[in-house]
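This is what each chain is made of:
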Amino acid sequence: MMKIAVLVSGGGTNLQAIIDAIDAGKITDARICLVLSNNKNAYALERAKAAGIPALAISPKDYESRDLFNEAMLEAVLGSGAELVVLAGFLCVIPPRMVEAYPNRIINIHPSLIPSFCGTGYYGLKVHEAALERGVRVSGATVHFVDAGTDTGPIILQKAVEVLSSDTPGKLQLRIMEQAEWKILPEAIQLIVHGRVTVEGRRVIIAEE
Ligand code: GAR
């Protein structure tokens with residue numbers, strides 16, 4: 001049974017997709033051992049509590065320095081016994097010590113087709129605003145391993161979603177969540193839990209079933 005820590009900052013719809021996939025048997029041999037939020041008001045914490053999952057909020061504001069906050073975050077994750085860390089709308093930068101503690105064991109969901117609309121400053125609605133401003137006809141979502149950079153790690157899964165002329169950032173965000181994020185994040189977790197994902201350089205190899 002692989003233990004998973006899910007790190008969140010907001011609404012937690014991706015967390016919910018993971019909880020639902022475990023309940024539905026789409027993710028097997030895994031359980032969520034911790035939901036950690038940097039935001040005490042994140043609705044994701046309510047979702048965790050409703051599912052009976054240990055939930056913890058630690059805010060950078062409660063610590064004298066970013067380093068101390070980062071230490072507390074790493075301690076909480078290590079203390080939960082997590083073997084895989086899933087960033088599900090987590091908007092804090094992952095400190096190098098955490099990346100070193102979990103090499104190719106931290107994954108992130110990003111709401112665009114990386115390498116488009118990613119990196120510093122591209123998060124949440126801003127990603128969709130940028131995609132609409134650029135006029136792309138296709139966007140989507142990416143699940144990738146987290147390395148020392150921002151959105152630079154090896155890509156595990158991507159799913160494309162059509163951009164419509166009638167889209168607003170909010171409409172596009174929701175469609176990308178429904179058609180891509182809530183599908184490929186649980187799928188990637190199931191692949192990793194079952195040992196089907198290996199990294200060669202910057203490429204991810206997925207073993208056939
Ligand atoms: C999701 O769209 C996720 O892809 C995005 O934040 C949203 C969180 O929603 N993440 C990023 O932008 C990371 N750079 P949720 O809290 O409902 O899962």
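Scroll up for the structure.
Residue indices follow the written sequence of each chain, beginning from 1 at its first position. Given that the model is predicted, a residue must reach a pLDDT of at least 70 before its local features are reported, and side-chain atom pairs must reach 80 or more before they are shown or counted; all residues, however, enter totals for whole chains, interfaces and linings. Neither water nor hydrogens contribute to the side-chain values; these are computed over all heavy atoms in the structure.

### A closer look at the overall build of the protein
Stated formally: Strands are runs of DSSP state E lasting at least two residues, helices are runs of H or I lasting at least four, and both sets are numbered from the N terminus onward. This radius of gyration counts C-alpha atoms alone. The globule rule is 2.2 Å times how many residues there are, raised to the power 0.38. A 1.4 Å probe rolled over the protein chains alone gives each residue an accessible area, and that area as a share of the maximum for its type sets the label: buried under 20%, exposed over 50%, partly exposed in between. We call two residues contacting when some pair of their heavy atoms lies within 4.5 Å. Note on areas: these come from Shrake-Rupley sampling with a 1.4 Å probe, and a residue is covered only by the protein chains present in the view. Residues scored as positive are Lys and Arg, those scored as negative are Asp and Glu, and His as well as the terminal groups of each chain are ignored. Note that the charge is assigned to NZ on lysines, CZ on arginines, CG on aspartates and CD on glutamates.
What the protein contains, in helices and strands, is six helices and nine strands. For the protein, whose C-alpha radius of gyration is 16 Å, the value lies close to the compact-globule estimate of 17 Å for 209 residues. The principal-axis extent of the C-alpha atoms belonging to the protein is close to 45 × 45 × 35 Å. The 209 residues of the protein split such that 47% are buried. When contacts within the protein are restricted to residue pairs at least 6 apart in sequence, long-range pairs at least 24 apart make up 64% of them. Taken as a whole, the protein presents about 10,300 Å² of accessible surface, with 51% of it coming from carbon and sulfur. Charged side chains in the protein number 20 positive and 23 negative. The centres of these two groups are separated by 4 Å.

### Structural notes on the site of the ligand
So the rule is basically this: We call a residue near a molecule or strand when any one of its heavy atoms sits within 4 Å of it. Counted as a polar contact is a pair of N or O atoms within 3.5 Å, where, for protein atoms, one must be capable of donating a hydrogen and the other of accepting one, and residues adjacent in sequence contribute only when both atoms are in side chains. Of the two site types, the cavity is a set of points on a 1 Å grid over the protein atoms alone where a 1.4 Å probe fits but cannot get out, and the pocket is an open set with protein on both sides within 12 Å along at least five of seven lines, each lined by residues with an atom within 4 Å of a point. Being in a pocket or cavity means that more than half of the molecule's atoms lie within 2 Å of its grid points. All amino acids are sorted into three groups, where Ala, Val, Leu, Ile, Met, Phe, Trp, Tyr, Cys and Pro are nonpolar, Asp, Glu, Lys and Arg are charged, and the leftover types, Gly among them, are polar.
Taken together, 14 residues form the shell around the ligand, and within it Gly 12, Thr 13, Asn 14, Gly 124 and Glu 181 come nearest. At 3.4 Å from an oxygen atom of the ligand is found a main-chain nitrogen or oxygen belonging to Gly 11. In this structure, an oxygen atom belonging to the ligand sits 2.8 Å away from a main-chain N or O atom of Gly 124. Compared with its free state, where it exposes 450 Å², the ligand has 91% of that area covered by protein. When atoms are counted within 2 Å of each cavity's grid points, the one that captures over half of the ligand is the largest pocket. Those elements that place two or more of their residues in the shell around the ligand are α1 (13-23), β5 (106-110) and α6 (169-193). By residue class, the composition of the shell around the ligand is five nonpolar, eight polar and one charged.

### Description of the environment of Ser 59
Mapped onto the elements of the fold, Ser 59 is located in the loop between β3 (55-57) and α3 (66-79). Dropping the residues within four chain positions of it, Ser 59 is found in contact with Asn 38, Lys 40 and Phe 69.

### Digging into the environment of Val 163
Within the secondary structure, Val 163 is located in the loop between β7 (155-162) and α6. Taking the C-alpha atoms as reference points, Val 163 and Ser 139, separated by 24 residues in sequence, lie 6.5 Å from one another. Once you skip the residues sitting within four places of it in the chain, Val 163 turns out to touch Leu 132, Val 136, Arg 137, Val 138, Ser 139, Leu 172 and Arg 175.

### Comments concerning the side chain of Asn 14
Among the structural elements, Asn 14 can be located in helix α1. A polar contact of 2.9 Å, which involves the side chain of Asn 14, links it to the side chain of Glu 181.

### Quick word on the packing of α1 against helix α2 (residues 43-50)
Selection rule: Interaxial angle, 0 to 180 degrees, is taken between N-to-C directions of lines fitted to C-alpha atoms, where a helix line uses only the stretch in contact. Put simply, angles under 35 degrees are roughly parallel, angles over 145 are roughly antiparallel, angles from 65 to 115 are roughly perpendicular, and the rest are oblique. We call a crossing left-handed when the near helix sits turned anticlockwise from the far one by less than a right angle, and right-handed when that turn is clockwise.
Close contact between α1 and α2 brings their axes to 9 Å; oriented N to C, the two are set at 15 degrees. Between α1 and α2, the angle is such that the two are roughly parallel. For the element pair α1 and α2, the recorded crossing hand is right-handed. Judged by residue contacts, Thr 13, Leu 15, Gln 16 and Ile 19 of α1 engage Ala 44, Arg 47 and Ala 48 from α2. Across the contact of α1 with α2, the residue classes tally to four nonpolar, two polar and one charged.

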